[in-house]
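Each chain, letter by letter, is given below.
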Amino acid sequence: MAEYYTRRGDGKRVSMTREAVLEDLQAGVADAVDMGGVTQLNANEIDHLLDIIIDKNRVVGVEPGMEVVVTYDIGQLDFTGDNGNSGNGVDVGRLESALLHERALAADTFELAHADYSIKPVKPVISNEMQTMEEIQNEIIIPYFYGAMPNMGLYYAPDGPYGNPADLMREFKIEEAMAAAEAAAEHLARDIEFVSTRLVAAGADGFNFDTTASAGDADAVGTFRGVEALRKACPDTYINVGMAGESIMGIHGMIEYKGQVAAGLYPHQQVKLAQQAGADVFGPVCNTNTSRSLAWNLGRSVAFIKECTKVAEIPCHVNMGMGVGGIPMCETAPIDAVTRCNKAMVEVAGVDGV
Amino acid sequence: MAIPHFMASGMGGIRSAGDLVARMEYDKNMKVSKAKEYVAKKLGVSTLDIADEHVMRDLREELKIGVITGVPGAPRGIAAKMNIEKLLGIKINSCEKFREQIR
């Protein structure tokens, strides 16, 4: 029986029969349907995904006319960062990096970023960031954002002023843990307003909130409140809200945004809160299971993201980095896997961008 | 990741009209098909052409909205973005800041 090269969720090359790929695809979709209550993909969509995965070409792509926008996170750190960020370790300047992405790497948008890529550490160097933003805006043509992770974990002990909910819960101090998360969320929202409004005043086209809710539900609520403040202060700025996972972790468990409990929300529910907060574009995420095949992960991801694009009133740019959107969880993602996941998201999930 | 994503489905930024489509998605919350139709109409070409480097390279130079190669005298940065503002009928934040500074 013919076998086809494909990948596991950790990136390792394996070969599978058409029937085995189909079985994994269906199981991945079924997992999303069961977990998130999303719509089952129809037979044509499953067949199209199957054709994409077992395509014999090393690189695949969408049909002409189906192209979408490619937005970025992490800014110049993809050149300058270490391997923790899949960075190249090339100490190029931020201006040069931005212009190289624009003129050599076909970027549709790009962004300026702090080396720690988090909101909190930008505060003490805000003038430096504003000055660099002004400088690069004079040269660049594509929409140029400031990007950072809300990264609310930095507000908890030992890095920040609030008790660490994980430690407090271990001591059965549940109410204290919830109060710490609420205080950190308020602090995060204030910091987002401080940082983002200044960068927009320096000429940024907008702000990219990356990996929202990485510290759980209070991180999501703090970010949405910060986005709301930015939208109020800068009505015309571009706002991108990208998420950390397909489900918001319930570290607090009961914290709400506009009357909606944030814990446990899936992409098609998350997007509604992002819209209410004032986002222009939403970045849904589905995390990769390294123990499953690319087919299982891609089927699951497409089912989640398709439901999100279906209900979204704003464009959706799906997260497709290492370990999200069906792409294997490894530092150097194989090009065959990346292009297959990309094509599937555009042609089946109907995303507006990547 | 930039190269595989561009090769699989990317508009191509200023190689074609990717920056313009992105601006309409962010500025007016247009979904990609509507944004492409809007940009194509403003450029006077088809939605297929706006991702075609062969069409867009010369058109971008003619419209003075920025090209990927180093052409002496061709507008870049703020100058190109001011022409994009006129073309798309939008305001761009950095251009607004620039105008404030020379008032």
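For the structure, see preceding data.
Only a predicted model underlies this, so the values are computations on that prediction, with no experimental measurement involved.

A.B. asks: Honestly, the overall build of chain A in this entry has me stumped. Any pointers?
C.D. replies: When helices and strands are counted, chain A shows 11 helices and nine strands. For 354 residues, the compact-globule estimate of 2.2 N^0.38 gives 20 Å, and the C-alpha radius of gyration of chain A, at 20 Å, lies within 12% of that figure. Reported as C-alpha extents along the three principal axes, the dimensions of chain A are approximately 60 × 55 × 35 Å. In chain A, the proportion of contacts linking residues at least 24 apart, taken out of those at least 6 apart, comes to 73%.

A.B. asks: What exactly am I supposed to notice about the layout of surface pockets here?
C.D. replies: Empty space left among the atoms is revealed by rolling a probe the size of a water molecule over them. There is about 250 Å³ of room inside the second largest pocket. Around the second largest pocket sit 15 residues that line it, and Asp 236 and Thr 237 of chain A together with Lys 91, Asn 93 and Glu 96 of chain B are the ones nearest its centre. Per element, the largest residue contribution to the lining of the second largest pocket is four residues, and it comes from helix H6 (residues 93-102) of chain B. Split by residue class, the lining of the second largest pocket holds six nonpolar, two polar and seven charged.

A.B. asks: Explain the packing of helix H1 (residues 18-36) of chain A against helix H10 (residues 294-311) of chain A here, please?
C.D. replies: The geometry of a pair of packed helices is captured by two quantities: the angle between their axes and the separation between those axes. Residues and elements named next belong to chain A. Packing of H1 against H10 leaves a shortest axis separation of 7 Å and a crossing angle of 40 degrees. Between H1 and H10, the angle falls in the class oblique. The interaxial crossing formed by H1 with H10 has right-handed handedness. Contact with H1, carried on its side by Val 21, Asp 24, Leu 25, Ala 27, Gly 28, Val 29, Asp 31, Ala 32, Met 35 and Gly 36, involves Ala 295, Trp 296, Gly 299, Arg 300, Ala 303 and Phe 304 of H10 and no other residues of that element. A breakdown of the residues in the contact of H1 with H10 according to their chemical character gives 10 nonpolar, three polar and three charged.

A.B. asks: What is the right way to read the environment of Asp 159 of chain A from this model?
C.D. replies: All names here are of chain A. Following the sequence through the fold, Asp 159 ends up in the loop between strand E4 (144-148) and helix H6 (165-170). Since its relative accessible area comes to 52%, Asp 159 is described here as exposed. If near-sequence neighbours (up to four positions away) are discounted, Asp 159 is found in contact with Lys 120 and Leu 154.

A.B. asks: Hey, could you run me through the interface of chain B and chain A in this one?
C.D. replies: Note on interface size: it is often stated as the accessible area lost on association of the parts. Of the residues lining the interface, 45 residues belong to chain B; the matching set on chain A comes to 57 residues. For the chain B and chain A pair, buried surface summed over both sides reaches about 3900 Å², with 60% attributable to carbon and sulfur atoms. Counting across the interface, chain B meets chain A through one salt bridge. Here Arg 23 of chain B and Asp 205 of chain A are joined by a salt bridge, their closest N and O atoms 2.9 Å apart. Within the residue set of the side of chain B that touches chain A, elements represented by two or more residues are helix H1 (2-9), helix H2 (18-28), helix H3 (32-43), helix H5 (77-88) and H6 of chain B.

A.B. asks: How do you make sense of the side chain of His 5 of chain B when you look at a structure like this?
C.D. replies: Tracing the chain through its elements places His 5 of chain B in helix H1. Under the relative-accessibility criterion, His 5 of chain B is labelled buried at 5%. Within the local environment of His 5 of chain B, its side chain forms a polar contact with the backbone oxygen of Met 320 of chain A, the two atoms lying 2.8 Å apart. In contact with His 5 of chain B, not counting residues within four places along its chain, are Val 70, Met 320, Ile 327, Val 338, Asn 342 and Val 354 of chain A together with Gly 10 of chain B.

A.B. asks: Is there a simple way to think about the environment of Arg 57 of chain B in this case?
C.D. replies: Residue and element names in this part refer to chain B. Inspection of the secondary structure assignment puts Arg 57 in helix H4 (residues 53-63). Put simply, Arg 57 and Asn 83 are 26 residues apart on the chain and 16 Å apart in space, counted from C-alpha to C-alpha. In contact with Arg 57, other than residues within four places in its own chain, are Arg 15, Val 67, Thr 69 and Val 71. There is a polar contact of 2.8 Å between the side chain of Arg 57 and the side chain of Glu 61.

A.B. asks: Honestly, the pairing of strand E2 (residues 13-17) of chain A in this entry has me stumped. Any pointers?
C.D. replies: For a regular strand, side chains alternate in direction, first toward one face of the sheet and then toward the other. All names here are of chain A. Inspection of the sheet shows strand E1 (residues 3-7) paired to E2 by five bridges, in the antiparallel sense. Pairing of Glu 3 across the sheet is with Thr 17, part of E2. Once E1 ends, the chain turns through five residues before running back antiparallel as E2, passing Gly 11 with a positive phi of about 100 degrees.

A.B. asks: What am I meant to see in the nonpolar core here?
C.D. replies: Within soluble globular proteins, side chains that are nonpolar generally end up buried alongside one another. The biggest cluster of nonpolar side chains holds 138 residues, and the ones touching the most others in it are Met 152, Val 241 and Val 302 of chain A together with Leu 20, Val 39 and Leu 43 of chain B. Residue contributions to this core peak at 10 residues, all from helix H7 (residues 174-201) of chain A. Residues in contact with Val 39 of chain B, not counting those within four places in the same chain, are Ala 17, Leu 20, Val 21, Met 24, Ile 50 and Leu 88 of chain B. Counting five residues, the second largest nonpolar core, distinct from the first, contains Leu 77, Ala 113, Tyr 117 and Met 149 of chain A.

A.B. asks: Just checking my understanding: could you explain H5 of chain B for this structure?
C.D. replies: Helical periodicity: at 3.6 residues per turn, an α-helix aligns residues three or four positions apart in one direction. Compared with the 16 Å implied by 1.5 Å per residue over 12 residues, the 16 Å span of H5 of chain B between its first and last C-alpha is a close match. Counting buried residues along H5 of chain B, nine of its 12 residues qualify, which places the element largely inside the surrounding structure. Looking only at H5 of chain B, the buried set comprises Gly 77, Ile 78, Ala 80, Lys 81, Asn 83, Ile 84, Glu 85, Leu 87 and Leu 88 of chain B. Elements that come into contact with the buried residues of H5 of chain B comprise helix H5 (126-137) of chain A together with H2, H3, H4 and H6 of chain B. Positive phi appears at Gly 89 of chain B, one or two residues downstream of H5 of chain B, with a value of about 70 degrees.

A.B. asks: Is there a simple way to explain the pattern of salt bridges in this structure?
C.D. replies: Pairing between side chains of opposite charge can happen when the charged atoms of each approach one another. All names here are of chain A. Scanning the model with the defined rule gives 20 salt bridges over all chains in all. As a salt-bridge pair, Lys 173 and Glu 171 come within 3.1 Å of each other at their nearest N and O atoms. Classification of Lys 173 as partly exposed rests on a relative accessible area of 35%. For Glu 171, a relative accessible area of 46% corresponds to the partly exposed category. Between Glu 347 and Lys 343 there is a salt bridge, with its nearest N and O atoms 3.0 Å apart. Residue Glu 347 and its partner Lys 343 are located together in helix H11 (residues 335-349), separated by four residues, close to a single helical turn. Judged by its relative accessible area of 18%, Glu 347 is buried. Through salt bridges that share partners, Asp 31, Glu 246 and Arg 300 make up one connected network.

Here is what the cut-offs are and how they apply
Residues numbered from 1 in each chain as written. Chains lettered and ligands numbered in written order. Predicted model: local features only at pLDDT ≥ 70, side-chain atom pairs only at ≥ 80, totals over all residues. Heavy atoms only, no water. Helix = DSSP H or I, 4+ residues; strand = E, 2+ residues; numbered from the N terminus. Rg over C-alpha atoms; globule rule 2.2 N^0.38 Å. Contact = heavy atoms within 4.5 Å. 1 Å grid on protein atoms, 1.4 Å probe; cavity = no way out; pocket = protein on both sides within 12 Å on 5 of 7 lines; lining within 4 Å. Points joined across faces, edges and corners; volume = space filled by probe spheres on them. Nonpolar A, V, L, I, M, F, W, Y, C, P; charged D, E, K, R; others polar. Axes fitted to C-alpha atoms, helices over the stretch in contact; angles between N-to-C directions. Parallel < 35°, antiparallel > 145°, perpendicular 65-115°, else oblique. Left-handed = near helix turned anticlockwise from the far one by under 90°. Buried < 20%, exposed > 50% of the residue type's maximum accessible area, 1.4 Å probe, protein only. Buried area = accessible area lost by both parts, 1.4 Å probe. Salt bridge = Lys/Arg side-chain N within 4 Å of Asp/Glu carboxyl O. Polar contact = N/O pair within 3.5 Å; in protein donor to acceptor, adjacent residues only side chain to side chain. Pairing = 2+ DSSP bridges. Core = buried A, V, L, I, M, F, W, Y, C linked by side-chain atoms within 4.5 Å. Expected span 1.5 Å × (residues − 1).

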